[in-house]
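A look at the structure
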Amino acid sequence: MSAVAAEEQAKAERPEPLGLYVHVPFCASTCDFCAFYQVSPTAESVRCFVNRLSAEAALIGWDRPLSTVFWGGGTPGLLSPADLGRVAEVVHGIPGGASPGEWTVELAPSSVTRERLAVLRSAGVTRVSLGVQSFRPALLAALGRAHTRERVHRAYERVRAAGFASVNLDLMFALPGQTAAEWEADIDEAVALAPDHISTYCLTFEEDTALWVKLSQGRVRLDAENEARMYERTWERLGAAGYAQYEISNFARPGHACVHNLNTWRMGEWAGLGPSAASQMGGWRGANVADLPKWAERVGRGERMTEDRTALSAALLAEDALVFGLRMNAGVDLGPLRARSPEAPWARVEALIDRLAAEGLAARDGSQVRLEARGRLLADSVGSEVMVAFGQPAAPVAC
Ligand code: SF4
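In what follows, the accompanying structure is described. (Residues numbered from 1 in each chain as written. Predicted model: local features only at pLDDT ≥ 70, side-chain atom pairs only at ≥ 80, totals over all residues. Heavy atoms only, no water.)

**As for helix 14 (residues 346–358)**
To be explicit about the condition: Where helices and strands are cited, they refer to DSSP runs of H or I of at least four residues and of E of at least two residues respectively, numbered from the N terminus. Helix span is expected to be 1.5 Å times the residue number reduced by one. Partly exposed describes any residue whose relative accessible area lies between the buried limit of under 20% and the exposed limit of over 50%, with all areas from a 1.4 Å probe on protein chains only and scaled to the type maximum. By construction, the arc corresponds to the directions joining the helix axis to the C-beta atoms. A contact between two residues is defined here by any heavy atoms of the two lying within 4.5 Å.
The terminal C-alpha atoms of helix 14 lie 18 Å apart, and with 13 residues this matches the ideal 18 Å at 1.5 Å per residue to within 8%. Inspection of helix 14 places Trp-346, Val-349, Glu-350, Leu-352, Ile-353 and Leu-356 among the buried residues, and these make up the whole buried set. All buried residues of helix 14 project into a common sector of 160° when viewed along the axis, lining one side. Across helix 14 from its buried face, at more than 90 degrees, point the exposed residues Ala-347 and Ala-358. The inward-facing, buried residues of helix 14 abut helix 12 (314–325), helix 13 (334–340), strand 14 (362–365), strand 15 (368–371) and helix 16 (379–389).

In structure tokens form, the structure reads like this:
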């Protein structure tokens, strides 16, 4: 057998990646921009969450080992070291959960203690994502964040000292009152810490958040031109510092791209545990109810993924793989998508791609399509146009 044939055979025999997302729904307070489901923890609610998590994991027919694990929230770091250990035991009880290829935990800087880090390290966590957002006290206050710049530095030092294989810093820009110089100073301060990965999110105004109320009252304003400038400066500055952009908001040193997120954006499969967690597996996409008591009650009845349940068709997966794939710098190979979903309206999609290429927003090399930098600035609109080409109503365009 030739080397190429052997590689093809090995690829065919390799199981498709399977991710696990655990939503830890506890926060000490609510940040002004946040639309995630979260509640203040009590001893009773934490006990209920941990117990039901294990019951929910037992409802799933695991057909292959986990490739990646991601704990988000909420604030997983609000759990005590003992409770973090209990949640880790739930993961260890799932096939492949004792040593997935990548295991990320999101931590708020104010929750980082040596004791928690020691529990996470010995559980098998490989990657820590710190929710920094900004180093400027006034901007942190404007976001309703509970940490200080000093706290971020101390948390980072502790995470590094604990020896995790990969560390990410989350930053936010286009914050109310933030100047371009302040944003660039935030990027520089993050780069000076030398993390392996940096995520930069443009602030979005989600309905039913404190920030949305301020926007609707005219107390903060949107500035699309400023946002575009900040995007471009981010890409230039992080690129010059050795962080390769692989998705609109994500930059990594070689070998440190987030494998869990890549699987999600490529429309792979993942199981979500916990209130509000989304799942995509076994031909279905859906979410758990965003309410801790209701989630616990339903799991107790043997029910999960009861909200927004959608049967996955090849056309829907192809559409979403294109929408999310165009947000990645490598772009998308249309060949496998066409093969997987020959009945999708490819003539309309091809016409759209030709137009985007003619406008200088996209580039095409055979069946590989990617957005140019100018196209990435308009990625939300492009995604909306892809959905229209597939016959869906256009999604509202954010930031
Ligand atoms: S810590 Fe994260 S999940 Fe909690 S309120 Fe703030 S942004 Fe939302």
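**Topic: unusual backbone geometry**
For residues other than glycine, phi is negative in most cases, and the peptide bonds are mostly trans. Between Gly-73 and Gly-74 the backbone carries a cis peptide bond, its omega angle lying at 20°. Here Gly-74 is to be found in the loop between strand 2 (68–73) and helix 3 (81–92). The backbone of Met-267 sits at a positive phi, close to 65°, despite the residue not being glycine. Assignment of secondary structure puts Met-267 in the loop between helix 10 (259–265) and strand 9 (269–273).

**What to know about the packing of aromatic side chains**
Rules: Whether two aromatic rings pair depends on their centres lying within 6.5 Å, for rings of Phe, Tyr and Trp, where Trp uses its six-membered ring; planes under 30 degrees apart make the pair stacked, over 60 edge-to-face, and the rest tilted. Each ring is checked for a lysine NZ or an arginine CZ that lies within 6 Å of its centre and within 35 degrees of its normal; such an atom marks a charge sitting over the ring.
Using the criterion set out here, one finds nine aromatic pairs in the structure. Taken together, a centroid distance of 5.8 Å and an interplanar angle of 80° make the contact between Trp-346 and Phe-390 edge-to-face. With Trp-346 in helix 14 and Phe-390 in the segment after helix 16, this residue pair connects regions lying 44 residues apart in the sequence. Of the residues examined, Trp-346 reaches a relative accessible area of 4% and is grouped as buried. An aromatic cluster is present here, built from Phe-173, Trp-183, Tyr-231 and Trp-235 joined pairwise through their rings. Geometry around Phe-164 places Arg-121 over its ring, the cationic atom sitting 5.9 Å from the centre. Sitting over the face of the ring of Trp-284, Arg-309 holds its NZ or CZ atom 4.5 Å from the ring centroid.

**With respect to the pairing of strand 15**
Where a strand is regular, its side chains alternate between the two sheet faces. The following threshold applies: In this analysis, strands are considered paired if DSSP registers two or more bridges between them.
Of the two faces of strand 15, the one lined by Val-369 and Leu-371 is fully buried and the one lined by Gln-368 and Arg-370 carries no buried residue. Where strand 13 (residues 332–333) and strand 15 come together, two bridges link them in antiparallel fashion. Residue Val-332 lies in a different strand from strand 15, and its bridge partner there is Val-369. As judged from the four bridges shared by strand 14 and strand 15, these two strands associate in the antiparallel manner. Looking at the pairing, Ala-363 lines up with Arg-370 of strand 15.

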